[in-house]
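The primary structure of each chain is shown beneath.
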Amino acid sequence: MEARCQCGQLRAEIPEDVARLGARVMCHCKACQRRTGSPFGLMVYFPREDVILSGESTEYTRIADSGNELTHGFCPTCGTPF
Ligand SMILES: [Zn+2]
Ligand SMILES: [Zn+2]
């Protein structure tokens, strides 16, 4: 499976079998609302080693309510979250 950002410079490739098993998470905390600009964030997580990223990305790390560090990436040109 291939995903790409709105402007097309940032791409992610994920094997089909891994794509089917990704952990789906829906969250409506304030951080997810601010990150997405919508009432909730809908995310799918994959093991980092299974994802091939190409293009330029920027990361933002914050401390989650759990106390763990949480890093989200996004395209620096069009802002699409990755
Ligand atoms: Zn982009
Ligand atoms: Zn959240």
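For the structure, see preceding data.
Residues numbered from 1 in each chain as written. Chains lettered and ligands numbered in written order. Predicted model: local features only at pLDDT ≥ 70, side-chain atom pairs only at ≥ 80, totals over all residues.

**What to know about the sheet that holds strand β2 (residues 11-13)**
Thought 1: Strand order across the open sheet formed by three strands is β1-β2-β5, with antiparallel pairing between neighbours. In this open sheet, the two strands that pair with only one neighbour each are β1 (2-4) and β5 (52-54). Shown here is a sheet whose adjacent strand axes are inclined to one another by a mean of 15 degrees, direction ignored.
Thought 2: Examined bridge by bridge, β2 and β5 share three bridges and lie antiparallel to one another. The residue of β5 that forms the bridge with Ala-12 is Leu-53. (Pairing = 2+ DSSP bridges. Helix = DSSP H or I, 4+ residues; strand = E, 2+ residues; numbered from the N terminus. Axes fitted to C-alpha atoms, helices over the stretch in contact; angles between N-to-C directions.)

**Regarding the environment of Gly-67**
Thought 1: Position of Gly-67 among the secondary structure elements: in the loop between β6 (58-63) and β7 (69-74).
Thought 2: A sequence separation of 19 residues divides Gly-67 from Arg-48, and the C-alpha atoms of the two residues are 21 Å apart.

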